[in-house]
Amino acid sequence: MNIALFSDSYLPTKSGIVTVVIQLRKILTEMGHHVVIVTVGSHESEQNEEKDPDVLRVYSIPSPLGENQYIGFPHKKKVIEFLKKNKIEIIHSHTEFYIAHAAKQAGKALHIPVIASTHTMWEDFYKFYLPMGKIIPVRLVRKIVWRVYKKFYAFINVSEKAHDYFKEPFMLPNTPSAVIPNAIDTKAFLSRKCSDEDLENIRKSWGIESNEQLLLFVGRVVEEKRVEELFNICVKVLRQRENVKVMFVGSGGAIYDLEKTTRKLGLEHRIIFTGFVNWENLSRYYGIGSIFVTASLSEMHSMTALEALLSHLPIVCRKDESFFDTVYQGQNGYMADTDEELENYIIELLDDPEKQKQFGEKSYEISKNFSMKTHGRRTLEFYKAVLKYYPQPVTDAILQKAVDSVVMEQD
């Protein structure tokens, strides 16, 4: 099958969506399919001498809405010529804006289906990124989301949370869809694991003693991830327990204020900010953690939670539907109804190393549900069902049945 993935975020930018696109391209290619990418350009990509003939970079400018993000302005004719050259049969969009508009235009011109993965809960994000976002009514944002998604033939929802949202009466309840959770490239992630000695050296390089436990957050250090709330929770934990440190792994606009507050509180030796870390090096940071913590309520399906599972870490998070298939209460972690409860759960686990170990082992078992092989085969069955019925309507039941026909397989 010849498949085109469209995205307004791609290498060298690092994000959850970039990881999803790279991994999907890799597994589908390994399964014998031809996959091309239509995405934004960047200064770094323009300087790269190695040109991938299966990646079309469109003219782009830096986006004011995020660090290392770009807005693409695709040339319709070039996009269509690129897809024709590669005999594309189906377009899978991982974005909903400019690049997605080009996907829908190309699909219409070539008479091929255009589907989308629903990665982002814009109701949770817009307040932090749009100018005067906090005074923009949510109904306006819903109308915009409805408009940019309405012409897709079908959706792949990355979680039940995404499915339920797009089935709301104010969204697109009649657009057929199925749930295919995100997955993680186990081999690629685990291939970069360090020895115990290396991990101990990494801990020492950050001033973490062998007898100290480490609370670990990995992700963008930005307001919509509720990092300030998590920071405050962690400060309360540190005041109650010695031999505990906190590490925020990642970059983002909120990091400067948090560092300033850390200095003001005199906690520089106990709260660590690593800044940006390449994905290739992330496994070693998970490897030195004791408990993975997050207070985010804006996830669709957290890639960092999947990485924590694979790293044998217990997870403590706020209760949110996006975690329902990754965190099982009292088995591999806890989901808290309030920030205060989140604090109590963290302390409970810190005080019980044996429970940490049991939860970590369970996390690893759960991680096997998210193999790339299973994800690739599920996505492929979704494509086949779409192609079988297009341009006639297809139903949720048909799509979900196709997805569920795949027997779970480990990487």
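Above this text is the structure in question.
The structure displayed is predicted, hence computed values, not measured ones.

Conventions used here
- Residues numbered from 1 in each chain as written.
- Predicted model: local features only at pLDDT ≥ 70, side-chain atom pairs only at ≥ 80, totals over all residues.
- Heavy atoms only, no water.
- Helix = DSSP H or I, 4+ residues; strand = E, 2+ residues; numbered from the N terminus.
- Rg over C-alpha atoms; globule rule 2.2 N^0.38 Å.
- Buried < 20%, exposed > 50% of the residue type's maximum accessible area, 1.4 Å probe, protein only.
- Areas by Shrake-Rupley, 256 points an atom, 1.4 Å probe, with all protein chains shown as cover.
- Lys, Arg positive; Asp, Glu negative; His and termini not counted.
- Charge placed at Lys NZ, Arg CZ, Asp CG, Glu CD.
- Polar contact = N/O pair within 3.5 Å; in protein donor to acceptor, adjacent residues only side chain to side chain.
- Salt bridge = Lys/Arg side-chain N within 4 Å of Asp/Glu carboxyl O.
- Pairing = 2+ DSSP bridges.
- Right-handed = clockwise from strand over helix to strand, strands pointing away.

Engineer: Help me understand the overall build of the protein chain in this model?
Structural biologist: Counting secondary structure elements, the protein chain contains 17 helices and 15 strands. Relative to a compact globule of 411 residues, whose C-alpha radius of gyration would be 22 Å, the protein chain shows 22 Å and is just as compact. Seen through its C-alpha atoms, the protein chain measures out along the principal axes to roughly 65 × 45 × 45 Å. Relative to its full complement of 411 residues, the protein chain shows a buried share of 55%. As displayed, the protein chain has an accessible area near 19,000 Å², and 50% of this comes from carbon and sulfur atoms. Between the averaged position of the 52 positive side-chain charges in the protein chain and that of its 54 negative side-chain charges there is a distance of 7 Å.

Engineer: What is the right way to look at the environment of Ser117 in this model?
Structural biologist: For Ser117, the location among the structural elements is in strand β7 (residues 114-118). Sequence separation between Ser117 and Val316 is 199 residues, and the spatial gap between their C-alpha atoms is 27 Å. Polar side-chain contacts of Ser117 include one of 2.8 Å to the side chain of His92.

Engineer: Quick question: what am I supposed to make of the pattern of salt bridges here?
Structural biologist: Side-chain pairs of opposite charge can arise where the charged atoms are in close proximity. The full count for this structure, using the stated rule, is 14 salt bridges. Note that Glu212 is salt-bridged to Lys245, the shortest N-O span being 3.3 Å. Placement of the pair is Glu212 in the loop between α9 (196-205) and β10 (213-218) and Lys245 in strand β11 (residues 244-249), with a sequence separation of 33 residues. A salt bridge links Asp339 to Arg226, with the nearest nitrogen and oxygen atoms 2.9 Å apart. With a gap of 113 residues between them, Asp339 in helix α14 (residues 339-350) and Arg226 in the loop between β10 and α10 (227-240) connect regions that are remote in the sequence. This pair shows no difference in class: Asp339 is buried, exactly as Arg226 is. It is possible to trace a salt-bridge network through shared partners that takes in Arg226, Arg318 and Asp339.

Engineer: Is there a simple way to explain the pairing of strand β12 (residues 271-275) in this structure?
Structural biologist: In the case of a regular strand, side chains alternate between the two sheet surfaces. Most of β12 is tucked away: five of the five residues are buried. Side-chain alternation along β12 places Ile271, Phe273 and Gly275 on one buried face and Ile272 and Thr274 on a second face that is also buried. The pairing of β11 with β12 spans four bridges and is classified as parallel. Bridging from a neighbouring strand, Phe248 pairs with Phe273 of β12. Remark: the β11/helix α11 (residues 255-265)/β12 crossover connection has right-handed handedness.

Engineer: What exactly am I supposed to notice about the environment of Val138 here?
Structural biologist: With respect to the helices and strands, the residue Val138 is situated in helix α6 (residues 138-149). Relative accessible area serves as the criterion here: at 32%, Val138 is assigned to the partly exposed category. Note: C-alpha distance between Val138 and Asp124 (14 residues apart in sequence) is 9.6 Å.

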